[in-house]
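# What the coordinates show
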Amino acid sequence: MFSLSACDILTCPDQTNSQTATPDSEASSTSTLTIMDHRYESSETLRNKCAACYRQFNKKEHLVEHMRTSYHSVHEPMCGVCKKHCRSFESLREHLIGPLPKAECERIFKERGCDICLSILGSRNAVRAHRESCHPRPNSNGLVYRMANMGIQDELRIDSSRGRVVALTCKMVGGGSDGSLDLCARVCLVDEHERVLFQSYVKPNLPVTNYRYETTGIRPEYLRDAMPLRNVSRKIQEFLCNGEPIWQIRSKGGRSRILVGHGLDHDLKCLEMEYPAIKIRYDIQSGVQHPYEDCVATMKLYMRMKSQYHKKENNPLATDPQNKNNFASWRQNELEMMTPEQLLDFSRSDYYCWCLDSQDY
């Protein structure tokens, strides 16, 4: 027979105090078991809650499968209020100020949140001070570079300590019968301190049929004595590789430089040069577009992402050999015995976070 608590008795009014087993008492006992099972399932559901995205599962095996395929990690954008992990900054923004935000998170974010980087600060005064450094303002020298025709500026040096990270931007004029073929006519490289490493007009291999002056600011006379495209490409590639053979360049370590820019695939194609994708990051305009300002804009974005503080881990990527068995199927029983926090602790990212570039310095 089953002993019932007061709560169970209230829930099961058909239960009698008789000590004799009757159909009614047996039915009541079955009802009691059902209630207890439901309570157990409810507690299991709460226990099987993902420690990263807070998604709940009925069974532990479902949580383990979720962790196996979600690649949650310390590198995911995280709400500064409830600590929920989001897959992207866009989903974090939706969580905070989207159509259906979490009420408490929205309230605190509106009081003390930065709408640029989505960080939560300690006070409204702290938010105002933070925005001064967070918002990418135009460099005071930008107007100087825009107005001046600087010609060639060359600070590229192999083995130079300047520019472990460099930003590249090209400006295109038009070629072909209709002027739609992009031809590189100006190039600029800056370092992480926004200093110009290399800037030059470029003489294309094909005749220019449209200078696109409204957006490039380039006139025919600027290209007459410009550096030939082949020379520019060779100089930039040698500087990026920094004495390291291009086929030996690795994602971490080595002497090669990290290249930052917007639409770099197109720029490199127009420069007729190659550079390994593992060293490329960030794959921004009105009026006349100056390459220096574009370089600075992309560099600021990159440096902001690189400066994120994330907990340091050994072997931070899911693709690292040491992590290949973290969620192996033969460990299923062991994994189901772990808490959600333990599962998250050794879950690893499936993408390379730019904060890891800081470890190369």
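Computed from a predicted model, the values in this text were never measured in an experiment. (Residues numbered from 1 in each chain as written. Predicted model: local features only at pLDDT ≥ 70, side-chain atom pairs only at ≥ 80, totals over all residues. Heavy atoms only, no water.)

## Considerations on the overall build of the protein chain
When you go through the protein chain residue by residue, the secondary structure sums to 14 helices and 8 strands. Counting all 361 residues of the protein chain, 42% fall into the buried class. For the protein chain, the exposed area adds up to about 20400 Å²; of that, 52% sits on carbon and sulfur atoms. (Helix = DSSP H or I, 4+ residues; strand = E, 2+ residues; numbered from the N terminus. Buried < 20%, exposed > 50% of the residue type's maximum accessible area, 1.4 Å probe, protein only. Areas by Shrake-Rupley, 256 points an atom, 1.4 Å probe, with all protein chains shown as cover.)

## Quick notes on the pairing of strand β4 (residues 196–203)
For β4, the tally of buried residues reaches 7 of 8 residues, placing the bulk of the element in the interior. Summarising the sheet, strand β3 (residues 181–191) and β4 pair through 5 bridges and their orientation is antiparallel. If you follow Val187 over to β4, its bridge partner there is Ser200. Linking β3 back to β4 in an antiparallel pair, the connection comprises 4 residues, with Glu194 at a positive phi of about 70°. By the bridge criterion, 2 bridges tie β4 to strand β6 (residues 227–228) in an arrangement that is parallel. Paired with Val202 across the bridge in β6 is Met227. (Pairing = 2+ DSSP bridges.)

## A few points about the UniProt feature "domain: C2H2-type" (unreviewed entry) in the protein chain
Residues given the UniProt feature "domain: C2H2-type" (unreviewed entry) here are residues 48–77. The distance from the first to the last C-alpha atom of residues 48–77 is 22 Å, and the span holds 37% helix and 0% strand. (UniProt positions renumbered as here; feature names shortened; annotations may be inferred.)

## Some details on the pattern of salt bridges
Oppositely charged side chains can pair when the atoms bearing their charge come close. Across all of its chains, the model carries 12 salt bridges by this definition. The closest approach of N and O atoms between Glu65 and Arg68, which form a salt bridge, is 2.6 Å. In this pair, Glu65 and Arg68 are both assigned in helix α3 (residues 60–70), 3 residues apart and thus about one turn of the helix distant. Overall, the relative accessible area of 38% leaves Glu65 in the partly exposed class. Here Arg348 ties to Glu313 by a salt bridge, and the two come within 3.4 Å at their closest N and O atoms. Of this pair, Arg348 sits in the segment after α14 (340–345) while Glu313 sits in the loop between α12 (291–306) and α13 (332–336), and the two are 35 residues apart along the sequence. Glu313 carries the same exposure label as Arg348, and that label is buried. Salt bridges sharing partners connect three or more residues here, namely Glu76, Arg87 and Asp350. (Salt bridge = Lys/Arg side-chain N within 4 Å of Asp/Glu carboxyl O.)

## A closer look at unusual backbone geometry
Phi angles above zero are rare outside glycine, and Arg212 is one such case at about 50°. Mapped onto the elements of the fold, Arg212 is located in the loop between β5 (208–210) and α8 (213–216).

## Thoughts on the nonpolar core
Counting residues in each nonpolar core, the largest one holds 26 residues, and the members touching the most others are Leu168, Val187, Leu189, Ile236, Leu259 and Leu271. Secondary structure elements with two or more residues in this core: β2 (165–175), β3, β4, α10 (229–241) and α11 (264–271). In terms of residue count, α10 provides more of this core than any other element does, 6 residues in total. When near neighbours in sequence (up to four residues on either side) are disregarded, Leu189 contacts Val166, Ala167, Leu168, Arg195, Val196, Leu197, Phe198, Ile236, Phe239 and Cys295. Within the second largest apolar cluster, 14 residues are counted, among which are Cys50, Ala51, Cys53 and Leu343. (Core = buried A, V, L, I, M, F, W, Y, C linked by side-chain atoms within 4.5 Å. Contact = heavy atoms within 4.5 Å.)

## What to know about the packing of aromatic side chains
According to the stated counting rule, one finds 2 aromatic pairs in the structure shown. Plain terms: the ring middles of Tyr201 and Tyr222 are 5.2 Å apart, the flat faces sit at 35° to each other, and that makes the pair tilted. Here Tyr201, found in strand β4, pairs with Tyr222, found in helix α9 (residues 220–223); they are 21 residues apart in sequence, far enough to count as distant. In this structure, Lys49 is placed above the aromatic ring of Tyr54, and the distance from its NZ or CZ to the ring centre is 5.0 Å. (Phe/Tyr/Trp six-rings, centres within 6.5 Å; stacked < 30°, edge-to-face > 60°. Lys NZ or Arg CZ within 6 Å of the ring centre and 35° of its normal.)

## Here's the deal with the layout of surface pockets
One number sums up the size of the largest pocket: a volume of about 1400 Å³. When contributions to the lining of the largest pocket are tallied by element, the ones reaching two or more residues are α4 (89–97), α6 (124–134), α12 and α14. Partitioning the lining of the largest pocket into residue classes produces 20 nonpolar, 14 polar and 10 charged. (1 Å grid on protein atoms, 1.4 Å probe; cavity = no way out; pocket = protein on both sides within 12 Å on 5 of 7 lines; lining within 4 Å. Points joined across faces, edges and corners; volume = space filled by probe spheres on them. Nonpolar A, V, L, I, M, F, W, Y, C, P; charged D, E, K, R; others polar.)

## Here's the deal with the packing of α4 against helix α5 (residues 103–112)
Where α4 meets α5, the closest approach of the two axes is 7 Å, and the angle between their N-to-C directions is 95°. By the angle between their directions, the pair α4 and α5 is classed as roughly perpendicular. Across from His95, Leu96 and Ile97 in α4, the residues of α5 making contact are Cys105, Glu106 and Phe109. For the contact of α4 with α5, the per-class residue count stands at 4 nonpolar, 1 polar and 1 charged. (Axes fitted to C-alpha atoms, helices over the stretch in contact; angles between N-to-C directions. Parallel < 35°, antiparallel > 145°, perpendicular 65-115°, else oblique.)

## Some words on the environment of Ser91
With respect to the helices and strands, the residue Ser91 is situated in helix α4. For the pair Ser91 and Met78, spaced 13 residues apart in sequence, the C-alpha to C-alpha distance is 10.0 Å. Looking at Ser91, its side chain comes within polar contact range of the main-chain oxygen of Ser88, at 2.8 Å. (Polar contact = N/O pair within 3.5 Å; in protein donor to acceptor, adjacent residues only side chain to side chain.)

## Points about the side chain of Arg186
Tracing the sequence through the fold places Arg186 in strand β3. The class of Arg186 is buried, set by a relative accessible area of 5%. At 3.5 Å, the side chain of Arg186 forms a polar contact with the side chain of Tyr201.

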